[in-house]
Amino acid sequence: VQLVESGGGLVQPGGSLRLSCAASGFTFSSYAMSWYRQAPGKERELVASITSAGGSTNYAESMKGRFTISRDNAKNTVYLQMNSLKPEDTTVYYCYAQHVISYYWGQGTQVTVSS
């Protein structure tokens, strides 16, 4: 099983990034997918989630209107489009897959918002 995130990097405040998470080794279309983030010394927090078929999404309050989660079950990939980025969005972003009692984490991708 693998969840491989990509798309992180350095961006200026107000800029955009699109994270991708490519999944393999499990039935991707059966799993709800989420993005979490974790800053040093803080607990991991939910950013956004999407149901297995993509029909429903959920966002943390501070991300609503700026971030959009989507998925392509044909490509076994989930995305996080991040717009209007702020310095406080700087941290590591993780991909998470969950179905009943099975769950998997990606290794994370660093996002840095700085001028």
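Coordinates for the structure precede this section.
Residues numbered from 1 in each chain as written. Predicted model: local features only at pLDDT ≥ 70, side-chain atom pairs only at ≥ 80, totals over all residues. Heavy atoms only, no water.

1. Digging into the overall build of the chain
- Scanning the chain for helices and strands turns up zero helices and eleven strands.
- By the compact-globule yardstick of 13 Å for 115 residues, the chain fits well, its C-alpha radius of gyration being 13 Å.
- Relative to its 115 residues, the chain shows a buried fraction of 41%.
- Here the analysis covers contacts within the chain between residues at least 6 apart in sequence; of these, 51% occur between residues at least 24 apart.
- Taken as a whole, the chain presents about 5900 Å² of accessible surface, with 47% of it coming from carbon and sulfur.
- Counting 9 positive and 7 negative side-chain charges, the chain places the centres of these two groups 4 Å from one another. (Helix = DSSP H or I, 4+ residues; strand = E, 2+ residues; numbered from the N terminus. Rg over C-alpha atoms; globule rule 2.2 N^0.38 Å. Buried < 20%, exposed > 50% of the residue type's maximum accessible area, 1.4 Å probe, protein only. Contact = heavy atoms within 4.5 Å. Areas by Shrake-Rupley, 256 points an atom, 1.4 Å probe, with all protein chains shown as cover. Lys, Arg positive; Asp, Glu negative; His and termini not counted. Charge placed at Lys NZ, Arg CZ, Asp CG, Glu CD.)

2. A word on the state of the cysteines
- Here the structure, examined in full by the defined rule, presents one disulfide.
- Residue Cys21 pairs covalently with Cys95 via a disulfide, S to S 2.1 Å. Residues Cys21 and Cys95 are joined through a disulfide that is left-handed, its torsion about the S-S bond being -85°. Of this pair, Cys21 sits in strand 3 (residues 17-24) while Cys95 sits in strand 9 (residues 91-99), and the two are 74 residues apart along the sequence. Just as Cys21 is buried, Cys95 falls in that class too. (Disulfide = S-S within 2.5 Å.)

Functional significance is not addressed by these values, which are geometric in nature.
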